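# Topology and contacts: notes
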Amino acid sequence: METRSKGFNTKLVHAGDFEDSYGSAVTPIYQTSTFKFRDAKHGADCFAGIDPGYIYTRIGNPTINALEEKLAELENGYRGIAFSSGMSAVNAVYMAILGKDLHIITTDAMYGPSRAVLEKYYVNFGVQFDCIDTSEIKNIEQAIKPNTRLLYIETPTNPTMALTDIRRASELAHKHGILLCVDNTFCSPYLQKPLDLGADIVLHSVTKFINGHADVVGGALIAKDEEVYKKLRQTMVYMGSNMDPHQAYLVIRGVKTLALRMERSEKNAMKVAKFLESHPKVEWVKYPGLPSHPQHELAKAQMSGFGAMISFELKGGYTAGETLMNNVKLSLLAVSLGGVESLIQHPASMTHAAISKKDREAAGITDGLVRMSVGIEDCQDIIDDLKQALDKI
Ligand code: LCS
């Protein structure tokens, strides 16, 4: 079905659908590593790109392609590429665009490994990087060098919930011939469409809200134009970091309910954020939907809602955080986010442990910071659970 002109909810359900010979109502799993050619010429034409036929699953597969089409439509992009994980999507962007003596600017408080991989590996290949607070556009302007090729931002950041103005960042990047990649994992296209705001590439850990059921690890890139798309796809094929057809099938199933899940967890998150903000044992809460969030106005302008992620600092720092996490019973003490279950975790010792304490603190990831991914359970149960755990501090 042609769905490019349809509404977001219709695209969630139907974009990427194709007719198979049995009239299957949902996208079938093409669990095959390779595809038969009709004859030698067909094989040669497929390799030459003259025939769009499938060749080998690392290069392309109908189930994976259906998901790629769906994600491209949801993000208003040219085409999508699915990956085995969010981190393999991150690496594909770095590998496709960076190289010896080339420079990347990234958000300092971003998902730990997205930053750590630059510090630990890419430097060995001569890549230069600056991790800065991109929520101030003037910081980006000051960090730009003649050899800067990529501006890579996360907004909101994991876990400090700081926002970067995508439109202004893209204007600045393009003025200097720099590509802008936005990690849209925390928002999903339900809340934010970076390509519409000027970005060149959107990245997802589809492990999170896109799949939404905490049962798949996967990643995706969506490119705004053909040139960037081709570079990224070639990198994926050579890295061998394709998604598996069964993984793609599960993500296609999960993403159909994205809007319903987001709507519910967002409502819950607003109530949880207000509860936490009024609690005497909480020092501060960072949730883009609260007027106390320093970039509440920007959140209203570039996001269509405020999402399900909350960060908060407890009075009593690390020990208080530990007590809270040891006493929650409904929220699961687990990393990851964006599923139907509420999850709670401690970034300094978990998701951001790969970053040095000095760099963590400079990026605002304090020892007492707690991050919560609010699920779709009954909100009162989530709040009651937090309340009894906070009472133990
Ligand atoms: N980008 C963001 C914003 C993420 O939060 C993550 C994973 C990734 C990229 C990497 O994706 P993955 O390879 O895990 O699919 N974030 C995690 C987190 O906050 N806890 O556990 C994983």
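Residues numbered from 1 in each chain as written. Predicted model: local features only at pLDDT ≥ 70, side-chain atom pairs only at ≥ 80, totals over all residues. Heavy atoms only, no water.

### Observations regarding helix 4 (residues 86-97)
Compared with an ideal rise of 1.5 Å per residue, which puts twelve residues at 16 Å, helix 4 spans 17 Å between its outermost C-alpha atoms and is within 8% of the ideal. Burial analysis of helix 4 places ten of its twelve residues in the buried class, the great majority of the element. Taken together, the buried positions of helix 4 are G86, S88, A89, V90, N91, A92, V93, Y94, A96 and I97. Among the residues of helix 4, the N-terminal cap falls to S85, whose side-chain oxygen and the backbone nitrogen of M87 are separated by 3.4 Å. (Helix = DSSP H or I, 4+ residues; strand = E, 2+ residues; numbered from the N terminus. Expected span 1.5 Å × (residues − 1). Buried < 20%, exposed > 50% of the residue type's maximum accessible area, 1.4 Å probe, protein only. Polar contact = N/O pair within 3.5 Å; in protein donor to acceptor, adjacent residues only side chain to side chain.)

### Comments concerning the domain arrangement of the protein chain
Entries for the protein chain in the domain assignment read domain 1 (8-30 + 61-255) and domain 2 (258-390). Its C-alpha centre places domain 1 at a distance of 24 Å from the equivalent point of domain 2. In this assembly, 44 residues from domain 1 lie in contact with 39 residues from domain 2. Together domain 1 and domain 2 conceal approximately 3,200 Å² of surface at their shared face, both sides included; 63% is due to carbon and sulfur atoms. The interface formed by domain 1 and domain 2 contains one salt bridge. (Domains from an automatic or database assignment. Contact = heavy atoms within 4.5 Å. Buried area = accessible area lost by both parts, 1.4 Å probe. Salt bridge = Lys/Arg side-chain N within 4 Å of Asp/Glu carboxyl O.)

### A look at the pattern of salt bridges
Inspection of every chain in the model, using the stated rule, returns 14 salt bridges. Across the pair D130 and K145 runs a salt bridge whose closest N-O atoms are separated by 3.9 Å. Taken together, the residues D130 in strand 3 (residues 128-132) and K145 in the loop between helix 6 (137-143) and strand 4 (148-154) connect sequence positions 15 residues apart. Looking at D130, the relative accessible area reads 27%, which means it is partly exposed. Residue class for K145 comes out partly exposed when judged on its relative accessible area of 34%. Each of K357, R360, E361 and D367 takes part in one network of salt bridges that share partners.

### Some remarks on the site of the ligand
Surrounding the ligand, one finds 17 residues, the nearest of these being D183, S205, T207, K208 and R371. At 2.6 Å, a side-chain N or O of T207 approaches an oxygen atom of the ligand. With respect to the ligand, the side chain of R371 contributes an N or O atom lying 2.7 Å from an oxygen atom. Look at the ligand: alone it shows 480 Å² of surface, and the protein chains cover 93% of it. More than half of the atoms of the ligand fall within 2 Å of the grid points belonging to the second largest pocket. Split by residue class, the shell around the ligand holds four nonpolar, nine polar and four charged. Residue assignment places the shell around the ligand across two domains, with domain 1 (8-30 + 61-255) and domain 2 (258-390) each supplying three or more. (Near = heavy atom within 4 Å. Areas by Shrake-Rupley, 256 points an atom, 1.4 Å probe, with all protein chains shown as cover. 1 Å grid on protein atoms, 1.4 Å probe; cavity = no way out; pocket = protein on both sides within 12 Å on 5 of 7 lines; lining within 4 Å. Sits in = over half its atoms within 2 Å of the grid points. Nonpolar A, V, L, I, M, F, W, Y, C, P; charged D, E, K, R; others polar.)

### Some details on the sheet that holds strand 12 (residues 369-373)
Strand order in this open sheet of five strands is 8-9-12-11-10, and the pairing throughout is mixed. The strands lining the two open edges of the sheet, one partner per strand, are strand 8 (282-286) and strand 10 (332-333). Bridge analysis of strand 11 (residues 343-345) against strand 12 gives three bridges, and the strand direction is antiparallel. Across the sheet, Q345 pairs through a bridge with R371, a residue of strand 12. Helix 12 (residues 317-327) rests against strand 9 (309-314), strand 10, strand 11 and strand 12 of the sheet, and its axis sits at about 125° to strand 9. (Pairing = 2+ DSSP bridges. Axes fitted to C-alpha atoms, helices over the stretch in contact; angles between N-to-C directions.)

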